[in-house]
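# Observations on chain architecture
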Amino acid sequence: MDASPVNLTNNIKHNDNGELFRCFDNVCICFAWCIYVHTVEQRFQIKHELLQHGIELKKVKEELESTTKSLAQVKVELESTRNALNASRDEITEIKKENSGETYIRWGKTSCPEESYLVYDGYAAGKHNDIGGSGSNLLCLSKNPEWKDYTEEYNPWTGKIYGIEYEILQNKPYPKTFHDKNVPCAVCQSKRATVLIVLGKVTCHCGWHKEFSGYVMSQLNLNGLTPSEYICVDEKLESVPGGDANQNEAVVYPVVAVCGSLKCPPYVNGVELTCVVCSK
Ligand SMILES: [Ca+2]
Ligand SMILES: [Ca+2]
């Protein structure tokens, strides 16, 4: 290497410039590195924030799904409640309909026909068959009487009421095993507004519903006996338990047609008269 002063000066200048450039490069590298590091940090920060947002979005999505399921469940429950309310409303309407019809007595039975409602079943009762006075109508007495003021000692100054027996030994319509047995009765409420008892028929007229059919019965047709009303007794008899003894107090016999003023035909002399209870 040349050691002359000029060369030395040049070398010094050269060396100064080299250091200068190296310093400048280092600063640039440093600056670039800082920018790079800052950029990486920013990216990392953004990535971290995005990740957090993603987690929050996932939570919101899960909550939305859970809420949707809950709403679906509420909808099902509301639908079920609405159906139950509709069913209750129909039931109430049906009960109102069932309880809006006319009542009738089904003599000889303890129950009502399928479409009718049993108000109560009881004991058929009426006046004594060969003693005058008292009432003439036949009644369906409750099995559970209620009393108010009363006296227990015998008092002749009263009307009287007796249990009714079947008197059917001489007649065909009913089994003779029911002879002398006591007559039960059922008070029924029809689903329909009007009830009509038709004698001499076992079917109802067009537009009418048949409640039950049977035979007409009444007090015996004999001089000296006081009359009763005619009643429609069911064709399939029942009897009051424990009432088999022959008491002959209040009684009912089958009723037959008598030709004369009553036109025959269509009626037939001596034939037991049928009856039907109809509603509409
Ligand atoms: Ca009896
Ligand atoms: Ca008798």
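Residues numbered from 1 in each chain as written. Chains lettered and ligands numbered in written order. Predicted model: local features only at pLDDT ≥ 70, side-chain atom pairs only at ≥ 80, totals over all residues.

### Here's the deal with the overall build of the protein
Check the secondary structure of the protein and you find 1 helix and 10 strands. Order of helices (α) and strands (β) in the protein, N terminus to C terminus: α-β-β-β-β-β-β-β-β-β-β. Taking 2.2 N^0.38 as the reference for a compact globule, 280 residues should give roughly 19 Å; the C-alpha atoms of the protein span a radius of gyration of 53 Å, well beyond that estimate. In terms of its C-alpha atoms, the protein occupies a principal-axis envelope of roughly 180 × 55 × 30 Å. Expressed as a percentage of the 280 residues in the protein, the buried residues total 20%. (Helix = DSSP H or I, 4+ residues; strand = E, 2+ residues; numbered from the N terminus. Rg over C-alpha atoms; globule rule 2.2 N^0.38 Å. Buried ≥ 20, exposed ≤ 12 C-beta atoms within 10 Å, placed from the backbone.)

### Some points on the environment of Leu262
Relative to the helices and strands, Leu262 resides in the loop between β9 (250-254) and β10 (274-279). With 11 C-beta atoms packed within 10 Å, Leu262 lands in the exposed category. Sequence separation between Leu262 and Lys172 is 90 residues, and the spatial gap between their C-alpha atoms is 22 Å.

### Looking at unusual backbone geometry
Trans peptide bonds make up most of the peptide bonds, and negative phi angles are found at most residues other than glycine. Residue Cys264 is joined to Pro265 through a cis peptide bond whose omega torsion reads -20°. Within the secondary structure, Pro265 is located in the loop between β9 and β10. Cis geometry marks the peptide bond from Pro265 to Pro266, where omega comes out at 15°. Note on placement: Pro266 falls in the loop between β9 and β10. Phi at Ser134 is positive, roughly 60°, even though this residue is not glycine. Here Ser134 is to be found in the loop between β2 (117-126) and β3 (139-142). Judged by local crowding, Ser134 falls into the partly exposed class, with 15 C-beta atoms found within 10 Å. At Asp180, a position not held by glycine, the phi torsion is positive, near 75°. Within the secondary structure, Asp180 sits in the loop between β4 (162-166) and β5 (184-189).

### Overview of the nonpolar core
By size, the foremost hydrophobic cluster in this structure holds 34 residues, and its most contacted members are Trp107, Met217 and Val252. Elements with a minimum of two residues in this core: β1 (103-107), β4, β5, β7 (209-218), β8 (231-234), β9 and β10. When near neighbours in sequence (up to four residues on either side) are disregarded, Val252 contacts Ile164, Tyr166, Glu167, Val183, Met217, Ser218 and Ile231. (Core = buried A, V, L, I, M, F, W, Y, C linked by C-beta atoms within 7 Å. Contact = placed C-beta atoms within 7 Å.)

### Side note on the pairing of β7
Where β7 meets β10, 6 bridges bridge the pair, whose relative direction is antiparallel. Within β10, the position partnered with Lys210 by the bridge is Cys278. (Pairing = 2+ DSSP bridges.)

### What about the environment of Glu65?
As for its placement among the helices and strands, Glu65 is situated in helix α1 (residues 5-98). In sequence terms Glu65 and Arg22 are 43 residues apart; their C-alpha atoms lie 63 Å from each other.

### What about the environment of Ser190?
On the secondary structure map, Ser190 appears in the loop between β5 and β6 (195-199). In contact with Ser190, other than residues within four places in its own chain, are Gly101, Glu102, Tyr104, Ser116, Val195, Glu211 and Ser279.

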